[in-house]
Amino acid sequence: MYTFPMTHIVTAEKMVAGGDCIGELDGKKVFIPYAIPGEKLEIEITREEKDYCNCNVIKVVEPSEHRVIPFCPLYAKCGGCNMQHIDSEYQRELRIGILRDAFAREGIEVPEIEAVYGNPKNYRARFQFHNGGLMGKHSNDIVPLEMCPCATDEINHFLREIPFDSRPEGRVHVFGSSRISNIPEGYDKLAISMAQTVVEKKQKKVQQRTPGGAKIKKQKKIKARYEGTANNEETRCTVNILGKNILFDVQGFFQSNMEVLEKSIPLVTGNLKGKNVLDMYSGAGTFSVFLADSFEKVTLVEHNKSAIVYAEQNMAGLKHESFGLSGEVWTKYHAENLIKANGNFDAVVIDPPRSGMEKEVCQWLQKSEIPNIRSVSCDAATHARDIKFLLRAGYRLEKLYLLDFYPQTGHIESLAILTK
């Protein structure tokens, strides 16, 4: 047990998922934030568990040659960046190393990993503001800000023009980008951001009563197929990506880094062609719109019915079929019938949530004999786990990319290209 507070000198070893480095102290692993491999640091233990400790850095005793001065005055205060103290090129090397280690833990020897990257600043087009600010690091404190060096010019225009005390309360979703195409030309950039703003407020439930005070009996409501979907004009946004207009809802998910997205799409959808292609976990259909250029029919599967509503609009006029279902349900009840009717898929693009492919989807892919799989992931560990099972089924890992959507952070997205 350590006496608090007590300082120690440790050497930072490799960087691990999330962006912390690990060191060793009396036989225990120590997770060291804001460190760089090879550095010697003075630390203070803040939490001790059976097998590891957490700490704060008191002083960098021997700094790395890759250490730089963070460019944001709120660095380490807001909950966003955690790698600004490292030069951008070395950041990418470290993220590549974390990705490689994740695959190595699953026994996978990977080919050379190529990084797809863009501007390390002014890239982030999508934000969630909380009561006008950002959430604090490991806390619910609100951090006020007048600008963010990682944000697009449009987001920073929003922050400059609206004082902190005048911003909407609650959780506010803002998307600002020069690629927005549903705002009239010449319209003020601040309006671009504000037009795509949603404020979520808790509303008190008011119990309805008759004039005599009796409760009104609720009528049974028949649910529509896509009930609860967001299709609000105030939250709709259209961006032009590589010459194609993509519609989405600002309340839902859409990539934040438009430059890296435009560089990634040709890698995900390019050099593929045929009769049928499957876009599993399709979201609003961003990949599907481009896949439709090379395939006779695109099948979209997405459990989020709000996203499928937008995918339907993005795919209007293109031969496709959409399923607002989980991958598990689709593989169990629909996949076999579709293949009997149309023939097997020539390729599949799969982009699951952080938890990775559903077990049923992975098992179906193992047996599918689909010759080409493009697997996109936002979690290195679950990506490596899923690829391991596909390799066991006879697939070959031809290429692995780091998709560097979030520079200055430990967040890792990747693309695996597999063939059979």
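If you're wondering where the values come from, they're calculated on a predicted model, not measured in any experiment.

Re the environment of V10
Working step 1: You can see V10 is positioned in strand β1 (residues 7-11).
Working step 2: Along the primary structure V10 and G23 are separated by 13 residues, whereas in three dimensions their C-alpha atoms are 6.3 Å apart.
Working step 3: V10 has contacts with E24, L25, I32, E39, K40, L41 and I43, leaving out every residue within four places of it along the chain.

Notes on the packing of helix α9 (residues 359-368) against helix α10 (residues 380-392)
Working step 1: Running from N to C, α9 and α10 cross one another at 30°; their axes reach a closest spacing of 9 Å. Overall, the two elements α9 and α10 adopt an arrangement that is roughly parallel. When the axes of α9 and α10 are compared, the crossing they make is right-handed. Here C362, L365 and Q366 of α9 come into contact with α10, specifically with D386, F389 and L390.

Describing the packing of aromatic side chains
Two aromatic rings, taken as a pair, are described by how far apart their centres are and by the angle between their planes.
Working step 1: Summed over all chains, the structure comprises 11 aromatic pairs.
Working step 2: Ring centres 4.0 Å apart and planes at 10° place the aromatic pair F248 and F254 in the stacked group. Each member of the pair F248 and F254 is classed as buried.
Working step 3: The interplanar angle of 75° and the centroid separation of 6.5 Å between the aromatic rings of F345 and W364 together place this pair among those described as edge-to-face. Of the two residues, F345 is situated in the loop between α8 (335-342) and β17 (347-350) and W364 in helix α9; the sequence distance between them amounts to 19 residues.
Working step 4: For F345, a relative accessible area of 5% gives the class buried.
Working step 5: Aromatic ring contacts, followed pair by pair, group F323, W330, F345 and W364 into a single cluster.
Working step 6: Directly above the ring of Y117 sits R92, whose terminal nitrogen or CZ lies 3.6 Å from the centroid.
Working step 7: A cation over a ring is seen here: R124 above F127, with NZ or CZ 5.6 Å from the ring centre.

Details of the sheet that holds β1
Hydrogen bonds between backbone groups are what pair the strands of a sheet, and the pairing can be parallel or antiparallel.
Working step 1: Here 5 strands make up an open sheet; going across it, the order is β1-β4-β5-β3-β2 and the pairing mixed. Single-partner strands in this sheet number two, and they are β1 and β2 (21-25). Here the average twist between neighbouring strands, direction ignored, is 45°.

Examining the confidence of the model for the chain
Working step 1: For the chain, per-residue confidence averages 88 on the pLDDT scale, and residues scoring 70 or more make up 87% of the total.
Working step 2: Every residue in residues 186-228 is under pLDDT 50, and counting partners more than four places away or in other chains gives 63 contacts.

How each quantity is defined
Residues numbered from 1 in each chain as written. Predicted model: local features only at pLDDT ≥ 70, side-chain atom pairs only at ≥ 80, totals over all residues. Heavy atoms only, no water. Helix = DSSP H or I, 4+ residues; strand = E, 2+ residues; numbered from the N terminus. Contact = heavy atoms within 4.5 Å. Axes fitted to C-alpha atoms, helices over the stretch in contact; angles between N-to-C directions. Parallel < 35°, antiparallel > 145°, perpendicular 65-115°, else oblique. Left-handed = near helix turned anticlockwise from the far one by under 90°. Phe/Tyr/Trp six-rings, centres within 6.5 Å; stacked < 30°, edge-to-face > 60°. Buried < 20%, exposed > 50% of the residue type's maximum accessible area, 1.4 Å probe, protein only. Lys NZ or Arg CZ within 6 Å of the ring centre and 35° of its normal. Pairing = 2+ DSSP bridges. pLDDT = per-residue confidence, 0-100.

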